[in-house]
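Residue-level structural notes
What follows is the residue order along each chain.
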Amino acid sequence: MSEAGKTGAPDAADAGAADRVVLRARGLGKEYKLYDSPRQRLKGLLTGRATHRSHWALRDVSFELRRGQCIGVIGDNGAGKSTLLKLLAGTLQPNAGELERVGRVTAILELGAGFHPDFTGRDNLYFAGSMIGIDHEAMSRLEASIVEFAGLGQAMNRPVKTYSSGMVVRLAFALVTAVEPDLLIIDEALAVGDQHFQKKCIERISAFRENGCTILFCSHSPYHVRSLCDVTLWLQGGQVREFGPTEAVMGAYEKHSRLLGQAEAESEAGVRDGASGDEPAAPTPALPYERGPTSAMILSCEIANLVPGKPALLDSPDLVATITVRGKDGERPNIGFMIEQEKGVGITSLATHEEGAAPVSLGDNLWRSVLSFPQLPLHSGDYELSVFLFDESGLATDDLWFKYTVIRVVSPGLMPGLVRLPHHWS
Ligand SMILES: Nc1ncnc2c1ncn2[C@@H]1O[C@H](COP(=O)(O)OP(=O)(O)OP(=O)(O)O)[C@@H](O)[C@H]1O
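First, a word on what this report is: a plain description of the structure on this page. Quick caveat: nothing in here was measured; it's all calculated off a predicted structure. (Residues numbered from 1 in each chain as written. Predicted model: local features only at pLDDT ≥ 70, side-chain atom pairs only at ≥ 80, totals over all residues.)

Some points on the overall build of the protein
Condition: For helices the rule is a DSSP run of H or I covering at least 4 residues; for strands it is a run of E covering at least 2, with both sets numbered from the N terminus onward. Remark: C-beta atoms are placed from the backbone, and a residue is labelled buried if 20 or more other C-beta atoms sit within 10 Å of its own, exposed if 12 or fewer do, or partly exposed between those counts. For the purpose of contact definition, each residue receives a C-beta atom placed from its backbone, and two residues are in contact when these atoms lie within 7 Å.
Broken down by element type, the protein carries nine helices and 20 strands. Every one of the 426 residues in the protein was classed for burial, and the buried ones make up 31%. Partitioning the intrachain contacts of the protein with sequence separation of at least 6 by distance along the chain shows that 72% fall at a separation of at least 24.

Right, dumping it as structure tokens:
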């Protein structure tokens, strides 16, 4: 593996080189050796004979990243995402292929792994900072801003072993992003922080991006991948399945996930005793978003002209949803709405920030949007509805009612299909 010298921030002469390649992976492969028992491993070591099975977590992965690009890495569990990130960060060595990296590389992987549990948060800034190339003098200058970003207050003077996992993430993120890198590698670690902190992290990442930092972002959140990434790499079974513009790759990946989900649901239905198969899917409980008396949250989503039933029947050619939310102090929220067919076949997703259609203020941090679909062009069937509450930037999700209800639509025609697309005959 070759690594070009650490250059720090790109200099002015270099600033025009927006298309400079900062990361190049060629034929990258990682093999794990699997032994049936520790004895087999020892036997292998002593005799020099192969007593292992080999498992290639990554094989023949090639791609290039240019300065300022943000790349998403997606894939099913076990696809090789973490292995790839560790190779790029240099915490693992490849067994095949070549890797070239230019400039200062910062990885937000296994956040907090570099902390000493008995040292205080403050002492750990100096201790862990020295391991990522921030010397004592530089840390004295950075300390105040790191402490402020982490927002841990007096806890900075307590040993890190007394911290919750969320507190460790705060300290670690604040530390590793204190100096702007040329290449930032981020994994799902961000999902550990609370909503408010996640938002601060996303803002910092977006600011790096605007300054030309290249970002590699591994996430299970399609929303964040779409919002942040220009290109996306889809790994499957350790190999590149697709690499290209985010929307094209995400579309293909979502289709793959739907088919996978459908196959699982069908096999479950096959083994479930007495399952009728034609019952609408039960709404999935909302994710654990913060729900305090003042936290930002969805308060209601009323669908006009619904006749109660299981599921409720839409007794109108129009679908009109009135969504009321509570936003955060001094911030105009954004609202999203999604319609899916059963089994998660997405039909449409809409969001106020995408369309410049800000919610209307009702005072006291309350906001409302009315979303209308005149002459709803859906064919007869059951449809699952979800509501999203986003922050002002539209990047962080503050609340989610995921598949919170199912409605039945009965349309006059009997033709098969999902939607009546606008059309004309001639
Ligand atoms: N230390 C290890 N020893 C042996 N096999 C490993 C090791 N680490 C990972 N693997 C295997 O390598 C493959 C890729 O793992 P990896 O953790 O990179 O996947 P991933 O895409 O990050 O998965 P997830 O989304 O579940 O985190 C998996 O089959 C995994 O079981």
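Comments concerning the site of the ligand
Filter applied, for reference: Note on definitions: a residue is near a molecule or strand provided its C-beta atom, placed from the backbone, lies within 6 Å of it. Gly is put with the polar residues, along with every residue not named as nonpolar or charged; the nonpolar set is Ala, Val, Leu, Ile, Met, Phe, Trp, Tyr, Cys and Pro, and the charged set is Asp, Glu, Lys and Arg.
Around the ligand sit Y32, H55, A57, G75, N77, G78, A79, G80, K81, S82 and T83, and those are all the residues in its vicinity. Looking at the shell around the ligand, the elements with two or more residues in it are β3 (53-66) and α2 (81-89). In terms of residue count, the dominant contributor to the shell around the ligand is α2 (three residues). Here the residues of the shell around the ligand sort into three nonpolar, seven polar and one charged.

Some points on the sheet that holds strand β11 (residues 297-303)
For clarity, the cut-off: Paired strands, as defined in this entry, are two strands with at least two bridges between them according to DSSP. Here an angle of 0 to 180 degrees is reported between the N-to-C directions of two axes, which are lines fitted to C-alpha atoms, with helices fitted over the stretch in contact.
Ordered in space as β11-β14-β18-β17, the four strands form an open sheet in which the pairing is antiparallel. Pairing within the sheet leaves two strands with one partner each, and these edge strands are β11 and β17 (360-363). Adjacent strand axes in the sheet meet at a mean angle of 25°, parallel and antiparallel pairs treated alike. Here β17 runs beside strand β18 (residues 366-373); their pairing, made up of three bridges, is antiparallel. Bridged to G363 within β18 is L366.

Remarks on the environment of R67
Within the secondary structure layout, R67 lies in the loop between β3 and β4 (70-74). Note: C-alpha distance between R67 and T214 (147 residues apart in sequence) is 5.4 Å.

Examining unusual backbone geometry
Glycine aside, negative phi is the norm for most residues, and most peptide bonds take the trans geometry. For the peptide bond that leads from K310 to P311, omega is 0°, which places it in the cis range. Relative to the helices and strands, P311 is located in the loop between β12 (306-307) and β13 (312-314). Look at N305: it is not a glycine, yet its phi comes out positive at around 60°. Among the structural elements, N305 can be located in the loop between β11 and β12.

Describing the sheet that holds β12
Spatial ordering of the open sheet is given by β12-β13-β20-β19-β15-β16, a layout of six strands whose pairing is mixed. Bordering the open sheet on either side are β12 and β16 (345-351), each of which pairs with just one other strand. Of the pairings in the sheet, the one linking β13 to strand β20 (residues 397-409) comprises two bridges and is parallel in character. In the strand pairing of β20, L313 is matched with R408.

Remarks on the pairing of strand β19 (residues 381-390)
Counted residue by residue, β19 has eight buried out of ten residues, so it is predominantly covered. In terms of strand pairing, β19 meets β20 through nine bridges, oriented antiparallel. What sits directly across from V387, in β20, is W401.

Regarding the nonpolar core
Defined as follows: Nonpolar core, as used here: buried Ala, Val, Leu, Ile, Met, Phe, Trp, Tyr and Cys residues forming one set through C-beta atoms within 7 Å.
Core analysis: the largest hydrophobic core is formed by 60 residues, its most contacted members being V73, L175, I185, I215, L216 and F217. Ranked by residues supplied to this core, first place goes to helix α5 (residues 165-176) with nine residues. Ignoring any residue separated from it by four or fewer positions in sequence, one finds L175 in contact with L125, A128, G129 and I146. Counting residues in each nonpolar core, the second largest holds 16 residues, with A296, I323, L389 and F390 among its members.

Details of helix α4 (residues 136-150)
Just so we agree on the cut-off: At any given residue, the bend is defined as the angle formed between two axes, one fitted to the seven residues that end at that position and one fitted to the seven that begin there.
When the local axis directions of α4 are compared, the greatest deviation, roughly 50°, occurs at L142. The first or second residue beyond α4 is G151, which carries a positive phi of 60°.

Brief notes about the pairing of β18
Pairing of strand β14 (residues 319-326) with β18, which is carried by eight bridges, proceeds in the antiparallel orientation. Considered in β18, the bridge of L319 is made with F373. A loop of two residues connects β17 with β18, the two strands running antiparallel in sequence, and D364 in this loop sits at a positive phi of about 50°.

What to know about the packing of α4 against α5
Applicable threshold: Roughly parallel means an angle under 35 degrees; roughly antiparallel means over 145; roughly perpendicular covers 65 to 115; every other angle is labelled oblique. By definition, any crossing whose near helix is turned counterclockwise from its far helix by less than a right angle is left-handed, and any crossing with a clockwise turn is right-handed.
As a packed pair, α4 and α5 sit with axes 8 Å apart at the nearest point and diverge in direction by 140°. Taken together, the axis directions place α4 and α5 in an arrangement best described as oblique. The element α4 and its partner α5 pack so that their crossing is right-handed. Here I146, F149 and A150 of α4 come into contact with α5, specifically with R170, L171, A174 and L175. Residues belonging to the contact of α4 with α5 are distributed by class as follows: six nonpolar, no polar and one charged.

Comments concerning the packing of helix α3 (residues 121-131) against α4
Across the interface, α3 lies against α4 with an axial gap of 10 Å and an inter-helix angle of 125°. The pairing of α3 with α4 is recorded here as oblique in orientation. When you trace α3 past α4, the crossing you get is right-handed. Contact residues: L125, Y126 and G129 in α3; H136, M139, E143 and I146 in α4.

With respect to the environment of L142
Relative to the assigned elements, L142 resides in helix α4. A residue is classified by how many C-beta atoms lie within 10 Å of it, and L142, with 17 of them, is partly exposed. Along the primary structure L142 and L175 are separated by 33 residues, whereas in three dimensions their C-alpha atoms are 9.0 Å apart. Beyond its immediate chain neighbours, meaning those up to four positions away, L142 contacts I134 and A178.

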